[in-house]
Amino acid sequence: MRYVMVIDLKRCIGCYGCQIACKSENATPPGVFWARVLKQEAGKFPNVRRSSLPLLCMHCQDPACQQVCPTGATTKSDNGIVEVDSDECVGCRYCMMACPYGARYFNAKERSYFGQGLNEYEKVGYPNHPTGVVGKCDFCRHRLEKKLEPACVANCMARARYFGDVDDPNSEVSHLIREKRGQQLHPELGTDPSVYYLPA
Amino acid sequence: MAIWEDPFQKLSEDLKTTLRPQREWVAGRGLFLLLGHFLSGAGAGTWLFSIYYGLAAGLMLSLGVVALGGVAHLLFLGRFGRAWRIVRQPHKSWISRGLLSMALFLVCGTAYLLLERIGAVSGALGGVLLLLSLVGMAGILLYKGFVYAVSRAIPFWNTPLLPALYIAYGVRGGAAILLVAAALGVGGVELSSLEFIKLWVVVSSAVLVLIYLAGMSSSGVASRRSVSQLLGLRGSASLAFYLGVMLLGLVVPIGMGLFSHYGTVLPWVLGLVGVSSLIGDFYVKYCVARAGIYLPLSGEFPAR
Ligand code: SF4
Ligand code: SF4
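All values reported here derive from a predicted model rather than from experimental measurement.

A.B. asks: So what exactly am I meant to see when it comes to the overall build of chain A here?
C.D. replies: The helix and strand inventory of chain A stands at 7 helices and 9 strands. Along the first, second and third principal axes, the C-alpha set of chain A runs to 45 × 40 × 35 Å. A burial count over chain A gives 57% of its 200 residues as buried. Restricting to contacts in chain A with at least 6 residues of sequence separation, those with at least 24 account for 60%. For chain A, the exposed surface amounts to about 9,000 Å²; the carbon and sulfur share of it is 50%. When the 25 positive and 22 negative side-chain charges of chain A are each reduced to one mean point, those points stand 9 Å apart.

A.B. asks: Would you explain the packing of helix α8 (residues 221-231) of chain B against helix α9 (residues 238-262) of chain B in this entry?
C.D. replies: Working note: a packed helix pair is described by the angle between its axes plus the distance between those axes. Residues and elements named next belong to chain B. Running from amino to carboxyl end, α8 crosses α9 at an angle of 60°, the nearest separation of the two axes being 5 Å. Taken together, α8 and α9 sit at an angle that is classed as oblique. Across from Q229, L230 and L231 in α8, the residues of α9 making contact are S238, F241 and Y242. Here the contact of α8 with α9 is composed, by residue class, of 4 nonpolar, 2 polar and no charged.

A.B. asks: I tried to follow the environment of W200(B) on my own but got confused; where do I start?
C.D. replies: Residue and element names in this part refer to chain B. Position of W200 among the secondary structure elements: in helix α7 (residues 191-217). A relative accessible area of 51% places W200 in the exposed class. Sequence spacing of W200 and G257 is 57 residues, and the spatial spacing of their C-alpha atoms is 9.1 Å.

A.B. asks: Looking at this structure, how should I read a positive patch on the surface?
C.D. replies: On the surface, K10(A), R11(A), R159(A) and K180(A) cluster together into a patch of positive charge. Exposure remark for R11(A): the relative accessible area of 40% places this residue in the partly exposed category.

A.B. asks: How do you make sense of the site of ligand 2 when you look at a structure like this?
C.D. replies: Taken together, 14 residues lie around ligand 2, and C69(A), C89(A), C92(A), R93(A) and C95(A) are the ones closest in. In terms of residue class, the shell around ligand 2 is made up of 9 nonpolar, 3 polar and 2 charged.

A.B. asks: Could you clarify how one ought to interpret the interface of chain A and chain B in this entry?
C.D. replies: Many analyses report the size of an interface as the accessible area lost when the parts associate. Taken together, the contact between chain A and chain B spans 53 residues of the former and 44 residues of the latter. Carbon and sulfur atoms make up 56% of the surface buried where chain A meets chain B, a total of about 4,100 Å² over both sides. If you sort the residues of chain A by the area they bury against chain B, V90(A), Y94(A) and M97(A) come out on top, with a joint share of 18%. Where chain A touches chain B, the interface holds 3 salt bridges. Close ionic contact of R85(B) with E88(A) constitutes a salt bridge, the shortest N to O distance being 3.8 Å.

A.B. asks: What's the story with the sheet that holds strand β1 (residues 3-8) of chain A in this structure? I'm lost.
C.D. replies: Strands pair in a sheet through their backbones, by hydrogen bonds, and they do so in one of two ways: parallel or antiparallel. Residues and elements named next belong to chain A. Ordered in space as β8-β1-β9, the 3 strands form an open sheet in which the pairing is mixed. The open sheet is flanked by β8 (161-165) and β9 (195-198), the only strands paired with a single partner. Taken pair by pair, the neighbouring strands of this sheet meet at an average axis angle of 25°, ignoring direction. By the bridge criterion, 4 bridges tie β1 to β9 in an arrangement that is parallel. What sits directly across from I7, in β9, is Y197.

A.B. asks: Quick question: what am I supposed to make of empty space enclosed by the protein here?
C.D. replies: Empty pockets left among the atoms are what a rolling probe the size of a water molecule brings to light. Applying the stated rule across the entire model yields 9 cavities of 30 Å³ or more. If you add up the space inside the largest cavity, you get close to 170 Å³. Around the largest cavity sit 15 residues that line it, and L33(B), H73(B), L77(B), I86(B) and I95(B) are the ones nearest its centre. Mapped onto the lining of the largest cavity, the elements with two or more residues apiece are α2 (30-53), α3 (56-76), α4 (94-117) and α5 (124-149) of chain B. Grouping the constituent residues of the lining of the largest cavity by class yields 12 nonpolar, 3 polar and no charged. Approximately 110 Å³ is the volume found for the second largest cavity. Every residue lining the second largest cavity is counted, 15 residues in all, and those nearest its centre are C12(A), I13(A), C15(A), C18(A) and C156(A).

A.B. asks: Honestly, the site of ligand 1 in this entry has me stumped. Any pointers?
C.D. replies: In the region of ligand 1, 13 residues are neighbours, and C57(A), M58(A), C60(A), C65(A) and C99(A) sit closest. Taken together, the residues of the shell around ligand 1 sort by class into 10 nonpolar, 1 polar and 2 charged.

A.B. asks: Would you take a moment to explain unusual backbone geometry for this structure?
C.D. replies: Outside of glycine, negative phi angles account for most residues, and trans bonds account for most peptide bonds. All names here are of chain A. Cis geometry marks the peptide bond from F45 to P46, where omega comes out at 5°. Within the element layout of this structure, P46 appears in the loop between β2 (36-44) and β3 (47-55). Not every positive phi belongs to a glycine, and Y16 is a case in point at roughly 70°. A relative accessible area of 33% means that Y16 is categorised as partly exposed. A positive phi angle, near 65°, is found at R93, a position not held by glycine. Tracing the backbone shows R93 in the loop between β5 (82-84) and α3 (94-98).

A.B. asks: What's the story with the packing of aromatic side chains in this structure? I'm lost.
C.D. replies: How two aromatic rings sit relative to each other is set out by the distance from centre to centre and by the angle between their planes. Summed over the entire model, instances satisfying the criterion amount to 19 aromatic pairs over all chains. Aromatic pair F33(A) and Y105(A): ring centres 6.5 Å apart, planes at 65°, arrangement edge-to-face. A residue pair is termed long-range when its members are at least 10 positions apart, and F33(A) in the loop between α1 (17-26) and β2 and Y105(A) in strand β6 (residues 105-107) qualify at 72 residues. For the ring pair F282(B) and Y283(B), a centre distance of 5.5 Å and an interplane angle of 80° mean the geometry is edge-to-face. In this structure Y283(B) comes out as partly exposed when scored by relative accessible area, which is 29%. The ring of F106(A) carries the charged tip of R93(A) above its face, separated from the ring centre by 3.7 Å. Here R20(B) stacks its cationic end above the ring of Y294(B), 4.0 Å away from the centre of that ring.

Calculation criteria
Residues numbered from 1 in each chain as written. Chains lettered and ligands numbered in written order. Predicted model: local features only at pLDDT ≥ 70, side-chain atom pairs only at ≥ 80, totals over all residues. Heavy atoms only, no water. Helix = DSSP H or I, 4+ residues; strand = E, 2+ residues; numbered from the N terminus. Buried < 20%, exposed > 50% of the residue type's maximum accessible area, 1.4 Å probe, protein only. Contact = heavy atoms within 4.5 Å. Areas by Shrake-Rupley, 256 points an atom, 1.4 Å probe, with all protein chains shown as cover. Lys, Arg positive; Asp, Glu negative; His and termini not counted. Charge placed at Lys NZ, Arg CZ, Asp CG, Glu CD. Axes fitted to C-alpha atoms, helices over the stretch in contact; angles between N-to-C directions. Parallel < 35°, antiparallel > 145°, perpendicular 65-115°, else oblique. Nonpolar A, V, L, I, M, F, W, Y, C, P; charged D, E, K, R; others polar. Patch = residues over 30% accessible without salt bridge, like charges linked within 9 Å, V, L, I, M, F, W, Y side chains within 5 Å. Salt bridge = Lys/Arg side-chain N within 4 Å of Asp/Glu carboxyl O. Near = heavy atom within 4 Å. Buried area = accessible area lost by both parts, 1.4 Å probe. Pairing = 2+ DSSP bridges. 1 Å grid on protein atoms, 1.4 Å probe; cavity = no way out; pocket = protein on both sides within 12 Å on 5 of 7 lines; lining within 4 Å. Points joined across faces, edges and corners; volume = space filled by probe spheres on them. Phe/Tyr/Trp six-rings, centres within 6.5 Å; stacked < 30°, edge-to-face > 60°. Lys NZ or Arg CZ within 6 Å of the ring centre and 35° of its normal.

Any functional reading would require information that these geometric values do not contain.
See below:
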């Protein structure tokens, strides 16, 4: 089994819903964006075009981050999910230098969103984000265990995201990648990402 | 952005830019990492020259400088209490190899020095310890360049020239430390021959810097931006590059090296040249790290 995500750029409206859904689901602290949306403007007035590129950890099958990690804190599971064991990580940030997709964040110190200590929500969520170590998207592993889709997929109002097993040739993601020519970011690097984009 | 500032301050701006700079290995606590790279390289170079000239004081100095470099590395880590875990992946990670080299060097180098103190260095044990310390030294000189060079995410670093550059700078750092030590009265250093060797290493490092920048300025968009951070007058690291790397690190050591080769220069002047050269060594590490720009993602928007 290999989990993949397919993002249809034609459907994406750049609303940042995935970014907020991820923050809300995973209670990531300020400065940590496991899911984010990059905007780009192209062309010249009046022929301008604005496009959005949703980003997250690509759960590469040949992950550059794992290759350089000196402690073995970064691992790849049988289902293709790349994870960081925060109890093993020493915070050397070598993985951040190696990841071509800007997917990793170093949580230097405890920061609250509203400046007056942690609120009740942060008190519950922040123990999952220890300081002095690196963290990243884990495809909402806790939701997958409950047979739920990752939060960014479940909350995308434009239905631009699909999630499933690419090893199953009959799955929706397999069909989309095959028939709509799903593309990976920076395929020339040989990282073999598990996030595919359908062209805009 | 001031180099001591927390990379967090610039994060939201960085996340929106097409050519995102790396900050974790240069700003805030990243400075400790640069110091660690600088000290461990120069310390390893000091060992090389001290063995060559048979300088016991130089050997001791070398161990001290590498140990300081090791401490600086630890201070950089988010969780330095777990630092021992870094040695677990020498089969794939250059950081693991670097830490193991440093440990091997410090243990075997210290044992070798102790044997030398009691006059028992000429036996088989002394030979083995010397060999192992040299292996550790070579590992220290080698690993830093490779740590950067394997990162395909940052094209400015992803070149085999970087390990060569870091080795050259480590060796010349060692010579510079001994010049400073001689100026401070550490005896036994043959100043004229040391300065002559150093001159050649400095000239080689100047050639490497030029080839490196020329190669990178004709590469992809991220590397070109990196080069402009150094060479462009408004570049984020241009002051450090022109003053630190070029003037203090290359022009002064080469000029004074030539002068001392053809004339007579007082040891304290050579000591100052050593200090100038060491500042240049540090700034080369700073500039390489500061100019690190990630491959763009937004230019890669998949389209039909
Ligand atoms: S996107 Fe980056 S962090 Fe995620 S698996 Fe690939 S290399 Fe690792
Ligand atoms: S920061 Fe942690 S996960 Fe990243 S390379 Fe270092 S030890 Fe591995």
